[in-house]
Amino acid sequence: MSFDLNTLIRKNIRELKPYSSARLEHPAGRAVFLDANENPYNPPLNRYPDPLHRELRKKIAEELGVAPEKIFTGNGSDEAIDLLFRATCDPGIHNVTAVDPTYGMYRVAAAIHGTEYRQARLNEDFSLHPGRVLEKTDRNTRLIFLCSPNNPTGNLLDREAMQELVGRFAGLVVVDEAYIDFAPEGSMMPYLDRFPNLVVLQTFSKARAAAGIRLGMALASSQLISVLDIIKAPYNLNTLTLEAGIKILSMHREKEEWIRLIRREKERLRTFLLKHPEVETVFPSDANFILVRFRNAGKMKIWLERQGIMVRDRSREPGCSGCLRITVGSREENDNLIKQIERYET
Ligand SMILES: Cc1ncc(COP(=O)(O)O)c(C=O)c1O
């Protein structure tokens, strides 16, 4: 299908004369900076950060094997989600489609932007049915959101099915890969060059263990990244986050070790849960959490809360009746979880 990004970008954004910040015009370096009304004292925090996060993006590019101009960095992947709406959806006119049950932020972002949220459904086994998703779309559909591995179900979506959808849809397909590093394979990153309408979201919040710094990325065509860059807040990432992000990118050994431990713990939890009489189903997971159907999810959640253990009730999500979503914690945290579930009395 032929694709022209310009037809998807809102007219006011296409015609926008973007704000030109001081550090965009004069990147930091060796000079006397009297152009941004900064305070000369308290370096380096006195200076505005690089609005385009060039050093960070260069490091991410090396790490992921994606060209720096195809990388947007922002305040969590949630910022990228918000900006995709801002770039493409005229309130009250355009719509988006997501495949429920899925991450709740797509629906909230749609509501914030006055954009209709169309709910397609995953199959009963939580696999993707591209045809059913496409049926929900029309010429005003700007974005399709896919989440792989999916939150809250935990499964990877089939790459062939995602490719089919990207190939057959004239708008943008956003594949949220927040949990991809916990999966053995399955990223859509290798397809970025082939599909100009593909957007891949990744984050530092999960496998890189840095949710507190708020750093996420969108990988897409350089043309789309340029649009996101002109509509974001000029200094959307702060100096501390930029510094921490660069450092975290070099922590390969730690990241691999965290992933190994979390996968091992996930298997241990799974084995325990599968044998427990209160558990009806333990859904297979490629992420760092497990979706579990209990005989009485509400009661189990209250019991765990009383023991100081918080889990997420997902029982009102389509296809998830009776389900709690349990994040895989440290060995000690999981020992405690197991102990408290063993103590549970019906
Ligand atoms: C699927 C998915 N995408 C994105 C996010 C948010 O990521 P970030 O912390 O980068 O905003 C989450 C957080 O739980 C998530 O589950």
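It should be emphasised that the depicted structure is a prediction, and the values quoted were computed from it without experimental measurement. (Residues numbered from 1 in each chain as written. Predicted model: local features only at pLDDT ≥ 70, side-chain atom pairs only at ≥ 80, totals over all residues. Heavy atoms only, no water.)

### Observations concerning the packing of aromatic side chains
Each aromatic ring pair is summarised here by two numbers: the centre-to-centre distance and the angle between the ring planes. In total, this model carries eight aromatic pairs according to the counting rule given. Arranged with centres 5.2 Å apart and planes meeting at 50°, the rings of Phe-126 and Phe-283 form a pair that is tilted. With Phe-126 in the loop between β3 (116-121) and α6 (130-135) and Phe-283 in the loop between β8 (279-282) and β9 (289-294), this residue pair connects regions lying 157 residues apart in the sequence. Summarising the aromatic geometry, the rings of Tyr-191 and Phe-195 are spaced 6.4 Å apart at their centres and angled 40° between planes, so their arrangement reads as tilted. On the accessibility criterion, Tyr-191 (14% relative accessible area) is buried. Its guanidinium or amino end placed over the ring of Phe-33, Arg-23 lies 4.2 Å from that ring's centre, counting from NZ or CZ. Over the ring of Phe-204 we find Arg-208, and its NZ or CZ is 5.4 Å from the ring centre. (Phe/Tyr/Trp six-rings, centres within 6.5 Å; stacked < 30°, edge-to-face > 60°. Helix = DSSP H or I, 4+ residues; strand = E, 2+ residues; numbered from the N terminus. Buried < 20%, exposed > 50% of the residue type's maximum accessible area, 1.4 Å probe, protein only. Lys NZ or Arg CZ within 6 Å of the ring centre and 35° of its normal.)

### Let's talk about the state of the cysteines
Enumeration over the complete set of coordinates arrives at zero disulfides. Free of any disulfide, Cys-323 has its nearest cysteine sulfur in Cys-320, 5.1 Å distant. For Cys-323, a relative accessible area of 0% translates into the label buried. (Disulfide = S-S within 2.5 Å.)

### What to know about the site of the ligand
Surveying the vicinity of the ligand reveals 13 residues, the closest of which are Ser-77, Asp-176, Tyr-179, Thr-203 and Ser-205. Ser-77 places a polar main-chain atom, nitrogen or oxygen, 2.7 Å from an oxygen atom of the ligand. Residue Asn-151 places a side-chain N or O atom 2.8 Å away from an oxygen atom belonging to the ligand. The protein chains hide 91% of the 400 Å² of surface that the ligand would expose on its own. Per element, the largest residue contribution to the shell around the ligand is three residues, and it comes from helix α4 (residues 76-88). Taken together, the residues that form the shell around the ligand break down as four nonpolar, five polar and four charged. (Near = heavy atom within 4 Å. Polar contact = N/O pair within 3.5 Å; in protein donor to acceptor, adjacent residues only side chain to side chain. Areas by Shrake-Rupley, 256 points an atom, 1.4 Å probe, with all protein chains shown as cover. Nonpolar A, V, L, I, M, F, W, Y, C, P; charged D, E, K, R; others polar.)

### Focus: the nonpolar core
Counting 45 residues, the largest nonpolar core has Leu-56, Ile-60, Leu-128, Leu-146, Met-188, Leu-198 and Phe-204 as the members making the most contacts within it. Those elements that provide at least two residues to this core are α3 (54-64), α6, β4 (141-147), α7 (159-168), β5 (172-176), β6 (198-203), β7 (216-219) and α9 (239-249). Both domains that furnish three or more residues to this core are identified here as domain 1 (5-250) and domain 2 (253-343). In contact with Phe-204, other than residues within four places in its own chain, are Ile-60, Ala-209, Ala-210, Ala-211, Ile-213, Leu-215, Met-217, Gly-245, Ile-248 and Leu-249. (Core = buried A, V, L, I, M, F, W, Y, C linked by side-chain atoms within 4.5 Å. Domains from an automatic or database assignment. Contact = heavy atoms within 4.5 Å.)

### So, the sheet that holds β5
For sheets, the rule is that strands pair by backbone hydrogen bonds, running either parallel or antiparallel. The strand order across the open sheet formed by seven strands is β1-β7-β6-β5-β4-β2-β3, and the pairing between neighbours is mixed. Each edge of the open sheet is held by one strand with a lone partner, namely β1 (71-74) and β3. In this sheet, adjacent strand axes meet at a mean angle of 25° when their direction is disregarded. Bridge count for β6 against β7 is four bridges, and the pairing is antiparallel. Residue pairing in the sheet places Val-200 in a bridge with Leu-219 of β7. Across the sheet, helix α8 (residues 222-231) touches β1, β5, β6 and β7, and the angle it forms with β1 is around 25°. (Pairing = 2+ DSSP bridges. Axes fitted to C-alpha atoms, helices over the stretch in contact; angles between N-to-C directions.)

### A closer look at the pattern of salt bridges
According to the stated counting rule, one finds 22 salt bridges in the structure shown. Across the pair Arg-86 and Asp-82 runs a salt bridge, and its minimum N-O distance is 3.5 Å. In this pair, Arg-86 and Asp-82 both sit in helix α4, four residues apart, roughly one turn of the helix. Among the residues examined, Arg-86 registers a relative accessible area of 33% and is labelled partly exposed. (Salt bridge = Lys/Arg side-chain N within 4 Å of Asp/Glu carboxyl O.)

### Let's talk about the side chain of Arg-325
Within the secondary structure, Arg-325 is located in strand β11 (residues 323-327). It is Glu-317 that comes nearest to the buried, bridge-free Arg-325 among opposite-charge side chains, at 8.7 Å. Here Asn-151 takes part through its side chain, which lies 2.9 Å from a polar atom of the side chain of Arg-325. Each residue touching Arg-325, except ones within four places of it in the same chain, is listed here: Asn-151, Pro-152, Phe-289, Ile-290, Leu-291, Val-311, Arg-312 and Arg-314. (Lys, Arg positive; Asp, Glu negative; His and termini not counted.)

### Overview of the pairing of strand β2 (residues 95-100)
A large share of β2 lies buried, amounting to six of its six residues. A two-sided burial pattern is seen for β2, the buried positions comprising Asn-95, Thr-97 and Val-99 on one face and Val-96, Ala-98 and Asp-100 on the other. Pairing of β2 with β3 involves six bridges; the strand directions are parallel. When the bridges of β3 are listed, Val-96 appears paired with Tyr-117. Taken together, β2, helix α5 (residues 105-112) and β3 constitute a β-α-β crossover, and its handedness is right-handed. Two strands pair when backbone bridges link them, and β2 and β4 are joined in this way by four bridges, in the parallel orientation. Within the sheet, the bridge partner assigned to Thr-97 lies in β4 and is Ile-144. (Right-handed = clockwise from strand over helix to strand, strands pointing away.)

### Things to note about α4
Judged by how many residues are buried, α4 sits mostly within the fold: 10 of 13 residues are covered. Within α4 the residues assigned to the buried category are Gly-76, Ser-77, Glu-79, Ala-80, Ile-81, Leu-83, Leu-84, Phe-85, Ala-87 and Thr-88.

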